[in-house]
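Here is how the chains run, residue by residue.
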Amino acid sequence: MTGSGNYIINNISGTIYIRTNTAVNLSSYKYLKLVNSYAKYNDVWNKSRLCVSTSPNYSGFTAYSSYGTGSTSSSTLISDITLLTGMYYVYIEVYSVSPYNTYKIYSITLSNT
């Protein structure tokens, strides 16, 4: 799975989840990587993290990355999925305290390095 492009989400407030439309087979991969960037409003930054789930219903999350926050330039979040086998939905959790913040996704990839 490789996706790239500039996907921009504007005017978010609270927590939102972005999910792949279909489950992805993670069996032969070690890492899930997301390149993204954040914006701030009144000195408050968005934050985000990656996770996966066998459920399409926004529950049962596992393989969390650490939270990424505080950079207008791009940063990379990494989830270790080494122990996972089978089909999983990929989720991005984005949290913002301001409806004026912007969040950008540059790419998301599965890799072994």
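Residues numbered from 1 in each chain as written. Predicted model: local features only at pLDDT ≥ 70, side-chain atom pairs only at ≥ 80, totals over all residues. Heavy atoms only, no water.

Examining the overall build of the protein chain
Counting secondary structure elements, the protein chain contains 0 helices and 9 strands. Ordered by position from the N terminus, the helices and strands of the protein chain form the series β-β-β-β-β-β-β-β-β. Burial status across the protein chain gives 39% buried among its 113 residues. Considering only residue pairs separated by 6 or more positions, the protein chain has 80% of its internal contacts joining residues 24 or more positions apart. Carbon and sulfur atoms provide 49% of the accessible area of the protein chain, an area that totals close to 6000 Å². (Helix = DSSP H or I, 4+ residues; strand = E, 2+ residues; numbered from the N terminus. Buried < 20%, exposed > 50% of the residue type's maximum accessible area, 1.4 Å probe, protein only. Contact = heavy atoms within 4.5 Å. Areas by Shrake-Rupley, 256 points an atom, 1.4 Å probe, with all protein chains shown as cover.)

Overview of unusual backbone geometry
Non-glycine residue Y58 carries a positive phi angle of around 60 degrees. Residue position: Y58 is located in the loop between β6 (47-53) and β7 (68-69). A relative accessible area of 42% means that Y58 is categorised as partly exposed.

A few points about the pattern of salt bridges
One pass over the full model with this rule turns up 1 salt bridge. Residue E93 pairs with R49 through a salt bridge whose shortest N-O separation is 2.9 Å. Taken together, the positions of E93 in strand β9 (residues 87-111) and R49 in strand β6 put the pair 44 residues apart, joining distant regions of the chain. For R49, a relative accessible area of 17% puts it in the buried group. (Salt bridge = Lys/Arg side-chain N within 4 Å of Asp/Glu carboxyl O.)

Digging into the pairing of strand β3 (residues 31-38)
Pairing analysis gives 6 bridges linking β3 to strand β8 (residues 75-80), with the strands arranged antiparallel. Note that in β8 the partner of L32 across the bridge is S79. Both β3 and β9 contribute to a ladder of 8 bridges, which runs antiparallel. Bridge pairing in β9 places K33 opposite T109. (Pairing = 2+ DSSP bridges.)

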